Each structure stands twice: as C-alpha cells, then as structure tokens.
Amino acid sequence: MGDGFGNFSTLVLTLDISLNTGYMTGFLFSLLKWFFLIGIALLLVGILFEQYSRWKLEKTAFQDKTFVEINGKPLHYVKKGEGRYTVIFQSGMGSSHAIWQQIQDSLSEDAVTMAYDRNGIMFSESNGLPVTNDQVSEELELLLEKTQCPKPYILVGHSMAGIYLRPFIRRNEADIAGLVFVETAHPRQRTESSPELINALRQPPRWLIKFVLNTGIYRGLFSFVPLSPEIPIQHPLHRQERDFFYRTCDKVLEELDNDELNFKDAEQYTSFGSIPLTVIMGTNEVRYAGIKDSNIQDEYRMLVDKGQHDLLNLSSNSRLVKAENSGHVVQINDASLLIAEIRRML
C-alpha cells in the first residue's frame, strides 16, 4: 500500500513538472515569436520610412544645381566668383562639395572658385569607371575645360585628395600657382601602420553599413548622434551628408576597395618642383576620440605628424601650418585659418 501510494505521488509530481515545463516552453516560444514579428514589422516601417525620405529628397534635390556631362554622365559642380585665379576644391574619400561651402563663399570675393562632386558622390551620377588617381585627375581636367575656369589654378585638397590629384598636379605643373594640402593622406600611411592601429580605424562590415542604410536605422540614428565628433549635429554639413549618404554609399565602398592601389600609385610622384605648397595639419586631440588604447593613440599621433612633415618634401617651396582647433576636419573647425592660407596664394 505504501509503495503504491509513493509511486502514485511520484507520477503526479512528474506530470506536474512536465506540464509546467511544457507551459514555460510554449510561453517562451510565443514570446520569441512576437519579438520576431515585432522586429520584422519595425524593419518594414524603417524601410518604408527610408524610401519615403529618399523620394521626398529627390523631389527637390536637383533644383538650382549645375551639371556638366563628363564621361557620359552628369557631374555636379558649384562655380562662383570672378578673378584671375581659379581656386579648386577637391574633397576626400566619399566627401562632397558641401564640406567647402563656407570656404568657397568667402574666397569667391577674390577669385573664381570651383567645388564639385566626383562621379558617384552626392549629386553626381556614377559613370562606372574605377576610382583611380588617373581617373579622378582626368575627370577634373575635363570639368575645368568644359566650365572654362581661368588659369592659373590654386589647388586645395583634403584627406584622400592628396593622393587622387597627384597625376593632375604633375600634368598641369605649369598652370598651378599654389597647393594647399589640408590634412591630406600620405601614400605610406597604411603600410607604416601596425595591425592594431589598422584594426582600430577599421570601418564596420559592408553588409552592416548597407543594412542600417536601407532600413532607415542610419537616418534615424544620425538624427540624434553626430556623424563625427568634429562636425556638430546642427551644422548644415551634418544634415546634408546624413540625408544623401544613400547616393554616395556605393562609391565610398568602391573608393575603399581601391585605396591600396591608389596609395601605391601615388608613391611615384615624389616632387612637384617649386610650386608653393602649404601643408595644414590638425593638432587637436579630437582626432583620437574614438581610440581608447593610449598606445595606439600615441602611434596614430606620431604617424600623422611624420606623414604631414614628409609631405613638405613634395616642393622646395613648402611650409607647415598647424590647425590647433581641428583634428581632421579643418574646414569646419579652423575655417578662418584655411581661408587665410589660401588667400596668401592669390
């Protein structure tokens, strides 16, 4: 009798545990299912939001814009001012004409000024040609010819522009009155970096970039977070680069694919004779804000300093200027200094 009662109690307890376990499993499965469905719904809302935003932007984006056909596709440019010189602004990797707006507006009082979007950037359509130093230089030559910009030129390049424009400078030395290298890249900056520094500066995976861009996460996130610690969220450049990144993303990824090739190509251009050259180097610590390891910060600091000083060897008539309020984006944080340095060449 006792044994039977004990077996019956064990059976009831086992059934109770089984029922509770089954209930909990069902509850968790149901919860996960609802999380999944809500996630899918939010993604669909994000995609619709992104597509609507693009449609709305495209309705007015091209109004009052100027274009010229280069290699079969419309290239967007902004030409302002009058004078004997043409000040040409060349942006860095993935960057548009907009980064020069304040600088261009000021200098247009004294000279013809030209800023533009390389093919596939911002308002310029991609022509399908690979991003090489020669291609960028040839594109600029055609632009200046077709828009009848007067010579001589003062060439102002930022970041990767110091790599892209080396063939242009070599081929047009006689027509260049001055060079202003603004935080420009050095051909050996990658090969002289440690794996740790390269990893610290590595971009997110491409699939992730495309995912957040096409689901509205990018647009939503950077409505509240600055794209860069050097560009205030209320600055017009932040808004424009955020809004139109969908037009630029593919070309940025293509430029990243070709950067090693372009760095290597740039090494053959070791001298531009006696063309006046001003190298502007940002010295503010904001540049290192995203790097937590102090040793990597120190390496990065030394690499930048060495590279910028080495650029002085490109001309026998060169000078170094330090932008103390800036890291990499001198156009925003040291605009008056940059304007003054360009004016010195007019």
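You'll find the structure just up there.
Cut-off values and rules
Residues numbered from 1 in each chain as written. Predicted model: local features only at pLDDT ≥ 70, side-chain atom pairs only at ≥ 80, totals over all residues. Heavy atoms only, no water. Phe/Tyr/Trp six-rings, centres within 6.5 Å; stacked < 30°, edge-to-face > 60°. Helix = DSSP H or I, 4+ residues; strand = E, 2+ residues; numbered from the N terminus. Buried < 20%, exposed > 50% of the residue type's maximum accessible area, 1.4 Å probe, protein only. Salt bridge = Lys/Arg side-chain N within 4 Å of Asp/Glu carboxyl O. Patch = residues over 30% accessible without salt bridge, like charges linked within 9 Å, V, L, I, M, F, W, Y side chains within 5 Å. Areas by Shrake-Rupley, 256 points an atom, 1.4 Å probe, with all protein chains shown as cover. Pairing = 2+ DSSP bridges. Axes fitted to C-alpha atoms, helices over the stretch in contact; angles between N-to-C directions. Contact = heavy atoms within 4.5 Å. Parallel < 35°, antiparallel > 145°, perpendicular 65-115°, else oblique. Nonpolar A, V, L, I, M, F, W, Y, C, P; charged D, E, K, R; others polar. Arc of directions from axis to C-beta.

## So, the packing of aromatic side chains
The relation between two aromatic rings is expressed through the spacing of the ring centres and the mutual angle of the planes. If you walk through the whole model with that rule in mind, you get 10 aromatic pairs. Where F123 meets F244, the ring centres are 5.0 Å apart and the plane angle is 70°; that geometry is what we call edge-to-face. Here F244 lies in the loop between α9 (236–243) and α10 (245–266) and F123 lies in the loop between β4 (112–116) and α3 (133–146), a separation of 121 residues in the sequence. Classification of F123 by relative accessible area gives buried; the value is 2%. Seen from their ring centres, Y288 and Y300 are 5.3 Å apart, and the 85° between their planes marks the pair as edge-to-face.

## Details of the pattern of salt bridges
Within this structure, the stated rule accounts for 26 salt bridges. A salt bridge links D298 to R301; the shortest N-O distance between them is 2.8 Å. Placement of the pair is D298 and R301 together in helix α11 (residues 294–311), with a separation of 3 residues, close to one helical turn. Note on D298: relative accessible area 37%, which makes it partly exposed.

## Some details on a nonpolar patch on the surface
On the surface, a nonpolar cluster with roughly 800 Å² of combined accessible area is contributed by W34, F36, L37, I38, I40, L42, L44 and I47. Topologically, W34 is positioned in helix α1 (residues 2–60). Since its relative accessible area comes to 51%, W34 is described here as exposed.

## Regarding the sheet that holds strand β3 (residues 86–90)
With respect to topology, 8 strands assemble into an open sheet ordered β1-β2-β4-β3-β5-β6-β7-β8, the strand pairing being mixed. The two strands at the open ends of the sheet, each matched to only one other strand, are β1 (66–70) and β8 (318–323). Each strand axis lies, on average, 25° off the axis of its neighbour in the sheet, ignoring direction. Taken strand by strand, α3 contacts β1, β2 (73–80), β3, β4 and β5 (153–158), and its axis lies near 120° from that of β1.

## Focus: the packing of helix α7 (residues 206–214) against α10
Two quantities define a packed helix pair, namely the angle between the helix axes and the distance between the axes. Closest axis-to-axis distance for the α7/α10 pair is 11 Å, and the angle between their directions is 175°. For the element pair α7 / α10, the angle class is roughly antiparallel. Where α7 approaches α10, its residues R206, I209, K210 and L213 are matched on the opposing element by F245, Y246, C249, D250, L253, L256 and D257. When grouped by side-chain class, the residues that make up the contact of α7 with α10 number 7 nonpolar, no polar and 4 charged.

## Details of α7
Owing to its 3.6 residues per turn, the α-helix brings residues three or four apart onto one side. Every buried residue belonging to α7 is among I209, V212 and L213, and all of these are buried. Buried residues along α7 cover an arc of 105° about the axis, so they all sit on one side. After α7 finishes, the residue G216 shows a positive phi value of roughly 85°.

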